[in-house]
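Here is what each chain is made of, one letter per residue.
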Amino acid sequence: MIPDLRREYNGRQFSPQNYSSLLEALERRTGAPVGFRHNETPVFLPAPLVETMTAATVEMLSQTLEEPYHTASSAIIPAEYWVPGEPGNPLFVQADFGLVETADGIQPRLVEIQGFPSLYAYQAVLSSEYSSAYGIDPELDRFPGKLGEAEYFRLLGEAILAGHSPENVVLLDIFPDRQKTRCDFVVTQQITGIPTVCVTKVIVDGTKLFYESDGRRVPIHRIYNRCIVDELERLGVKAPFDWNAPLDVEWAGHPNWYFRLSKFTLPFLRHPFVPRSLFLDRLQAIPEDLENWVLKPLYSFAGTGVSVGPTRQQIESVAEPAKWILQERIRWQPVIETPHGMTQMEIRVMMIWPDGGPPRPVNTIIRTGRGKMMGVDYNKGLEWVGASAAFIR
């Protein structure tokens, strides 16, 4: 998006050898090949665009703390997954934006917003390795607001550990060794010292939780939660603890915010960057121009169940319409010039929102593609697509 940087990169900095060096460096850092494709190129973002997206995210977040949203979102937390001790705001916030061409130039449009962490550790490593492999100008910023790497890791460490010893804080997920995001678990441990524990391996003793390490029980005082409820249900996995129980544990990313800040939020938001979004069970009539809509489940893992341009039959056959939305389809403007043609991107603004403080933008995740969606199923066999990192000027 910054023409001189794009020309410099495409004309001089990229080479197949540099790309191989990037992938090899990432594999060395994480101990295994990363389970998703990386783009051959980073992206270059104008600082005003990033500032616009972060300001919009903060404005939207303020609306989620107001009524009627708080009461409405309380009602959609499933009873069996309601966890006590919920803080007044989510610790981790991520907002995904696509880019559209308007009369006023390129503008962002919200895809979704979530109160759940993703690749906070890995993404910082990814941008660093892009910089090393390709010789990216060190004057370009890797984090929003000119945040430096040391400060970024400090903020992330404080959010995850909250003063606890690393051995008493765990990253909790479902069969973590099988997850495509295993790379992030490895880097999180490198940065913070916390172990990764499968939810099925947690030991319960009354209200206290433990994990086993080298033949001893280690108390769990805080959980960096990466368990996704719809994956628990899809795999038929039941946690050994009761989510409703008053456990002696803190949450780094309280589970209730997975539901409160989600696709369910979209119909409530009032902002020019939010496409029209409608609850499926409240539709007065199915739109005639379904090619201009996207059908989305409220809670889905990695885009599962999303249908771009759904048919009337698909909509009418939805078993639980209260758990789905129709969202106005926004056709993203391709903005990245590559040897294989213009490519579009989705920009995830990542925030940390500490108790008692304001939400702070700390990083970005970039996904690029030339298909209808950014997922790998829509970009199979393509080059210069996939996960990427941003450099800001």
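The rules behind these values
- Residues numbered from 1 in each chain as written.
- Predicted model: local features only at pLDDT ≥ 70, side-chain atom pairs only at ≥ 80, totals over all residues.
- Heavy atoms only, no water.
- Pairing = 2+ DSSP bridges.
- Helix = DSSP H or I, 4+ residues; strand = E, 2+ residues; numbered from the N terminus.
- Axes fitted to C-alpha atoms, helices over the stretch in contact; angles between N-to-C directions.
- Salt bridge = Lys/Arg side-chain N within 4 Å of Asp/Glu carboxyl O.

Draft legend 1. A look at the sheet that holds strand β8 (residues 216-220). On the basis of which strands lie adjacent, the open sheet formed by three strands has the order β6-β7-β8 and antiparallel pairing. With one partner strand each, in any of the chains shown, β6 (203-205) and β8 form the two edges of the open sheet. Each strand of the sheet is rotated relative to its neighbour by a mean of 40 degrees, with strand direction disregarded. Where β6 lies against strand β7 (residues 208-213), three bridges are found, and the strand directions are antiparallel. In the sheet register, Val204 faces β7, and the bridge partner there is Leu209.

Draft legend 2. Highlighting the sheet that holds strand β13 (residues 307-308). Taken in spatial order, the four strands make up an open sheet running β11-β14-β12-β13, and their pairing is antiparallel. Strand pairing shows two members of the sheet lacking a second neighbour, β11 (277-279) and β13, which therefore form its edges. Here five bridges tie strand β12 (residues 293-297) to strand β14 (residues 324-328), and the two strands are oriented antiparallel to one another. Within the sheet, the bridge partner assigned to Lys296 lies in β14 and is Ile325.

Draft legend 3. A look at the pattern of salt bridges. Scanning the model with the defined rule gives 22 salt bridges in all. The partner of Asp141 in a salt bridge is Lys146, with the nearest N and O atoms 3.0 Å apart.

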